[in-house]
Amino acid sequence: MAVLVIAETDGANLPRGTLATVTAALALDSEVDVLVLDENADAAAAAASGIVGVRSVIKAGGPGLAGGLAENLTPAVVEAAAGYGHLLAPAGTWGKNLMPRVAASMDVQQISDITEVIDAETFVRPIYAGNALATVRSRDPVKIITVRGTAFAVAEAPGGSASVTDGPEVAAHDSARFVSRELSQSDRPELAGARIVISGGRGMGSGENFELLDRLADKLGAAVGASRAAVDAGYVPNDFQVGQTGKVVAPELYIAVGISGAIQHLAGMKDSKVIVAINKDQEAPIFQVADYGLVGDLFKIVPEIVDAL
Amino acid sequence: MKILVAVKRVIDFNVRVRVLPDGSGVETDNVKMSMNPFDEIAVEEAIRLKEAGTAAEVVAVSIGPARCQETIRTALAFGCDRGIHVETDQPPEPLAVAKLLAGVVAVENPSLVILGKQAIDDDSNQTGQMLAALLGWPQGTFASELVIGDGAFDVTREIDGGLETISINAPAVVTTDLRLNEPRYPSLPGIMKAKRKPIEARTPADYGVDVAPRLETVSVAEPPPRPPGRMLDSAAELVHILREEKGIL
Ligand SMILES: Cc1cc2nc3c(=O)[nH]c(=O)nc-3n(C[C@H](O)[C@H](O)[C@H](O)COP(=O)(O)OP(=O)(O)OC[C@H]3O[C@@H](n4cnc5c(N)ncnc54)[C@H](O)[C@@H]3O)c2cc1C
Ligand SMILES: Cc1cc2nc3c(=O)[nH]c(=O)nc-3n(C[C@H](O)[C@H](O)[C@H](O)COP(=O)(O)OP(=O)(O)OC[C@H]3O[C@@H](n4cnc5c(N)ncnc54)[C@H](O)[C@@H]3O)c2cc1C
C-alpha cells in the first residue's frame, strides 16, 4: 500500500527532516505521495514535487493553514490519509505536535522517532535517552510514524517531477489562534543539517563567552548548539539545546566544549561521526563517547584551535 | 478552575539504564523510580496557579501498577489536593493512557489538563496531543510560558526554530517543556499532609477502556558501542588529525 508523507515545509525550503522522511517512506514502498500543508502552498508543492522518488504531491489549501495549528491541520490529514497504509512525518517539533493528534483521531498507536525500518510493520526506535533500542511491531491497520531525521539519508531534490494535485481544504477553527513566532536569526547552518556542530555547556560561564565558539564556528562553517544547562542559564536560546529532550544531531564532526556528558545530552549527539570533547575534568563522562579528547581550560584551548586553522 | 495533572512513574533520570540479557526490556528491579521530570514541572505549574488563586483544585492522576501511588503521594506532597490512581499491571501505551485520562476528564470536568511533553522512559511525546484529540480540545504543547486569560490560555511553545505563542480556548490540554518553571522540593509539612489526602482507586474497566497494547516489543537491545577514543596533547594535534587523517576540515 502507498505511503503518505506529511511534509513539514517552509515555503520553497524543504527541511532536512522532510527529505529524510521521504527516504524512510521509500524503504517501505515505492509509491510515496507527499501532503503539503503550507500557507505558501504553491511554492511548497513545487519544491516537494522536485523530491526524487515521490509519485505525487497533494496540496492542501484554505484559511486554516495559516499558523500551522494542529487543531486545524488534523482533520485535513485524516481526510488525505484515506487509502494509505502508512503516514510518516519528520520527528521535529512540528511533527511531534501534529501526528499524535492525527493518530488518536484515527485510533492508532503512533510509533515515535524511528531510526530504522525493518519491514512494513516493524521499526526500531530509541528509548531511555538512546540507552536502549526497541524493535516494535505495530498491530494497527494503518501505521502512523515519526521519523528521526539523522537516521536516514536525505532524498535528492530537486530532480524529481511528481504531479501536483489539489487536496483537502483546511478550515480555521476558533478554539486555537496563532499569535506570534519569534524565530532565532542566524547566518549559520541549521543545527539539524549542519556538517559540523560546536556545542557549549555550563563550562562556557556566560552568553558572552559563546562568542569564542562563534569564532570557531565561523571558521569551520559550523552550527552552534548547547547543553540544557547552558540554555537554562540563559546563555543561548532554547532552540540551541541538543539532547534527549532537545534536538538530535549527527554531524560529521561534533565538538563538545565545557559539557560534562550527561546521558540526556549524549542522547542527542552520540551518533555523530567524529566526536571531540574539550573539558578541564579528565573524568568527565563526555570523554567516554569522544573519539578525541583535550583535557584543559576551554578558554585556552578553543582560541588555540582557531589559531591552528 | 479545576486542573488535572498527569504524573507518570519512571526510572529516575540519573539511573544508567541497563538492557536485560534476554532482550525483553530493561532492568527495573531495585532501580530507583521517580516522577517523570516533565510531570514535576506540570505539578509545579498547577500548584503555582492554585497559590495565585487562579485554580481552586488540583487533581493528580497516575496510571499503572500499585507503586504509582508513591508518585501520586509525591504530587500530593507538592500541594495537589487529591489523587486518582487507575491501576493496571502492564504500563499502557500513550493512546490507552489518553483514553483513560479522557475518561477521568469526563468525570472531573477540569478546565485545564497539564501533562509532561514526554516521559523520559519511552520518550513517545504523544499522550497530551492524543488526549486533546480525543476530547476535541485545543492543545498547547512544549510550553515554556502559560498565561491564564479570560476563558483562554496564552501558551508560548518551544519549537525547532525558536518560540511561538498561541492562544487556546478553555478547556484545553497543555504539555510542559523544561523552561516552564523550576519545580520546588516538597516540604516536610507537605509530605506529612500528603499522607492524609485521598487517592481514589480506579481500573480501566471503570472507564470502559481496552488497554491491550497495539505495539509489540519484539526485542530491546543495547546500542552499538562507540570505538574507544584517544586523548590528545594539543590543539595543533587535533587540527592535524581532523584535517589530514579524517579529511573533515
Ligand atoms: C528531564 C530532563 C531532560 C534533560 N534534557 C536534556 C537535553 O535534552 N540536553 C542536555 O544537554 N541536557 C539535558 N538534561 C540535563 C542533563 O542531565 C545535564 O544536567 C546537562 O546536560 C548538563 O549540562 P553541562 O554538561 O553543560 O553542565 P555540567 O554538567 O555542569 O558540566 C559542565 C562541564 O564543563 C566543564 N568545565 C567547566 N569550566 C570549564 C573550563 N573552563 N574549561 C573546560 N571545561 C570546563 C566541567 O568540567 C563540566 O564537565 C536533561 C535533564 C532532565 C532531568
Ligand atoms: C522497553 C519497553 C517495553 C514496553 N513494553 C510494553 C508492553 O509490552 N505493553 C505495553 O502496553 N506497553 C509497553 N511499554 C510502554 C510504556 O511503558 C509506556 O508507558 C508507554 O509507551 C507510554 O509512553 P510515554 O510514557 O513515553 O508517553 P508520553 O506521551 O511521552 O508521555 C507524556 C506525558 O503523558 C503523561 N503520562 C504518560 N503515561 C502516563 C501514565 N501511565 N500515568 C499518568 N500520566 C501518564 C505524563 O504526563 C507524561 O509526561 C513499554 C515501554 C518500554 C520502554
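Heads up: the structure comes first, above all this text.
Please read all numbers here as calculations on a predicted model, not as lab measurements.

Quick notes on the environment of Asn169 of chain B
Mapped onto the elements of the fold, Asn169 of chain B is located in strand 9 (residues 162-169). In this structure Asn169 of chain B comes out as partly exposed when scored by relative accessible area, which is 24%. In this structure the C-alpha to C-alpha distance between Asn169 of chain B and Glu200 of chain B, which are 31 residues apart in sequence, comes to 29 Å. Setting aside chain neighbours within four positions, we find Asn169 of chain B in contact with Asp174, Ser175 and Arg177 of chain A together with Pro138, Gly151 and Ala152 of chain B. A polar side-chain atom of Asn169 of chain B sits 3.0 Å from a polar atom in the side chain of Arg177 of chain A.

Here we look at the nonpolar core
Formed by 52 residues in total, the largest nonpolar core has its most connected members in Ile6, Leu35, Leu37, Leu87 and Leu98 of chain A. If one sorts the elements of this core by residue count, helix 3 (residues 94-108) of chain B sits on top with eight residues. In this structure Leu87 of chain A touches Leu4, Val77, Ala81, Met99, Val102, Met106, Val142, Lys143, Ile144 and Ile145 of chain A, once residues within four positions along its chain are discounted. Of all hydrophobic cores here, the second largest spans 41 residues; its members include Leu19, Val34, Ile111 and Ala155 of chain A.

Describing the site of ligand 2
Close to ligand 2 lie 30 residues, the nearest being Lys8, Asp39, Ile63, Asp122 and Thr127 of chain B. Positioned at a junction of chains, ligand 2 has nearby residues supplied by chains A and B. Ala6 of chain B places a polar main-chain atom, nitrogen or oxygen, 2.9 Å from an oxygen atom of ligand 2. Counting residues per element, the ones that place at least two in the shell around ligand 2 are strand 4 (57-64), helix 3, strand 6 (112-116) and strand 12 (215-221) of chain B. The biggest single contributor to the shell around ligand 2 is strand 4 of chain B, with three residues. Tallied by class, the residues present in the shell around ligand 2 amount to 14 nonpolar, ten polar and six charged.

Looking at the side chain of Ser167 of chain B
For Ser167 of chain B, the location among the structural elements is in strand 9. With a relative accessible area of 10%, Ser167 of chain B lands in the buried category. When neighbours within four sequence positions are excluded, Ser167 of chain B is seen to be in contact with Ser175, Ala176, Arg177 and Val179 of chain A together with Ala152, Phe153 and Asp154 of chain B.

Thoughts on the pairing of strand 15 (residues 274-279) of chain A
Residues and elements named next belong to chain A. Most of strand 15 sits inside the fold, with six of its six residues counted as buried. In this structure, strand 14 (residues 253-257) lies alongside strand 15, joined through five bridges in parallel fashion. For Val257, the partnering residue across the bridge sits in strand 15 and is Ile278. Bridge count between strand 15 and strand 16 (residues 292-295): four bridges; the pairing is parallel. Looking across to strand 16, one finds that Asn279 is bridged to Val295.

Re the environment of Gly159 of chain A
Residues and elements named next belong to chain A. With respect to the secondary-structure elements, Gly159 resides in the loop between strand 9 (143-147) and strand 10 (163-169). The class for Gly159 is exposed, based on a relative accessible area of 63%. Along the chain, Gly159 and Gly50 lie 109 residues apart, while their C-alpha atoms are 5.4 Å from each other. If we skip the residues at most four places from it in the chain, Gly159 touches Gly50 and Val52.

Observations regarding the interface of chain A and chain B
At the interface, 81 residues of chain A touch 79 residues of chain B. When the two sides are added together, the surface that chain A and chain B hide from each other amounts to roughly 6800 Å², 52% of it contributed by carbon and sulfur. Looking only at chain A, the three residues that lose the most surface to chain B are Gln109, Tyr128 and Tyr292 of chain A, adding up to 12% of its buried area. The interface formed by chain A and chain B holds nine salt bridges in total. Counting every contact that joins chain A to chain B gives 52 residue pairs in polar contact (both at pLDDT 80 or more). Across the side of chain A that touches chain B, the residue classes tally to 36 nonpolar, 22 polar and 23 charged. With seven bridges joining them, strand 11 (residues 176-183) of chain A and strand 9 of chain B adopt antiparallel strand pairing. Directly across from Phe178 of chain A, in strand 9 of chain B, lies its bridge partner Ile166 of chain B.

Some thoughts on the site of ligand 1
Inspection of the region around ligand 1 gives 29 residues, with Arg202, Ser227, Gln241, Ser260 and Asn279 of chain A positioned closest. Chains contributing residues to the immediate surroundings of ligand 1 are chains A and B. Arg228 of chain A has a polar backbone atom sitting 2.9 Å from an oxygen atom of ligand 1. The contact in question runs from a nitrogen atom of ligand 1 to an N or O atom on the backbone of Leu298 of chain A, over 2.8 Å.

Regarding the environment of Gln126 of chain B
Structurally, Gln126 of chain B is set in the loop between strand 6 and helix 4 (127-135). Judged by its relative accessible area of 1%, Gln126 of chain B is buried. A sequence separation of 17 residues divides Gln126 of chain B from Ala143 of chain B, and the C-alpha atoms of the two residues are 14 Å apart. Sequence-distant contacts of Gln126 of chain B, that is, excluding residues within four places in its chain, are made with Pro100, Gln109, Gln110, Ile111 and Ser112 of chain A together with Pro94 of chain B.

Some points on the sheet that holds strand 6 of chain B
Taken in spatial order, the ten strands of this open sheet run 11(A)-9(B)-8(B)-7(B)-10(B)-6(B)-1(B)-4(B)-5(B)-11(B), and their pairing is mixed. In the strand order of this sheet, the two ends are held by strand 11 of chain A together with strand 11 (199-202) of chain B, each with one partner. For this sheet, the mean angle separating the axes of adjacent strands, direction not counted, is 30°. Relative to the sheet, helix 4 (residues 93-105) of chain A contacts strand 7 (139-148) and strand 8 (152-159) of chain B, its axis offset from that of strand 7 of chain B by approximately 100°. Against the sheet, helix 2 (residues 68-78) of chain B contacts strand 4, strand 5 (82-87) and strand 11 of chain B, and its axis sits at roughly 165° relative to strand 5 of chain B.

Digging into helix 6 (residues 235-245) of chain B
For helix 6 of chain B, the full list of buried residues reads Ala235, Leu238, Val239, Ile241 and Leu242 of chain B. Here the buried residues of helix 6 of chain B occupy an arc of 160° about the axis, which is enough to place them on one side. Buried residues along helix 6 of chain B sit in contact with strand 14, strand 15, strand 16 and helix 9 (298-308) of chain A together with strand 13 (230-231) of chain B.

Observations regarding a nonpolar patch on the surface
Where nonpolar side chains cluster on the molecular surface, the patch consists of Leu188, Ile191 and Met192 of chain B and spans about 290 Å² of accessible area. For Leu188 of chain B, the position within the fold is in helix 5 (residues 188-194).

Describing the sheet that holds strand 3 (residues 56-61) of chain A
Residues and elements named next belong to chain A. Spatially, the seven strands line up as an open sheet ordered 5-9-4-1-2-3-10, and their pairing is parallel. Since the sheet does not close on itself, it has two edges, and those belong to strand 5 (111-114) and strand 10, each with one partner. Adjacent strand axes in the sheet meet at a mean angle of 25°, parallel and antiparallel pairs treated alike. Pairing of strand 2 (residues 32-36) with strand 3, which is carried by four bridges, proceeds in the parallel orientation. Residue Val36 lies in a different strand from strand 3, and its bridge partner there is Lys59. Running at roughly 155° to strand 4 (residues 86-90), helix 1 (residues 16-28) makes contact with strand 1 (3-7), strand 2, strand 4 and strand 9 of the sheet. Against the sheet, helix 3 (residues 70-80) touches strand 1, strand 2, strand 4 and strand 10, its axis set at about 125° to strand 10.

The rules behind each value
Residues numbered from 1 in each chain as written. Chains lettered and ligands numbered in written order. Predicted model: local features only at pLDDT ≥ 70, side-chain atom pairs only at ≥ 80, totals over all residues. Heavy atoms only, no water. Helix = DSSP H or I, 4+ residues; strand = E, 2+ residues; numbered from the N terminus. Buried < 20%, exposed > 50% of the residue type's maximum accessible area, 1.4 Å probe, protein only. Contact = heavy atoms within 4.5 Å. Polar contact = N/O pair within 3.5 Å; in protein donor to acceptor, adjacent residues only side chain to side chain. Core = buried A, V, L, I, M, F, W, Y, C linked by side-chain atoms within 4.5 Å. Near = heavy atom within 4 Å. Nonpolar A, V, L, I, M, F, W, Y, C, P; charged D, E, K, R; others polar. Pairing = 2+ DSSP bridges. Buried area = accessible area lost by both parts, 1.4 Å probe. Salt bridge = Lys/Arg side-chain N within 4 Å of Asp/Glu carboxyl O. Axes fitted to C-alpha atoms, helices over the stretch in contact; angles between N-to-C directions. Arc of directions from axis to C-beta. Patch = residues over 30% accessible without salt bridge, like charges linked within 9 Å, V, L, I, M, F, W, Y side chains within 5 Å. Areas by Shrake-Rupley, 256 points an atom, 1.4 Å probe, with all protein chains shown as cover.

Structural measurements only, silent on function.
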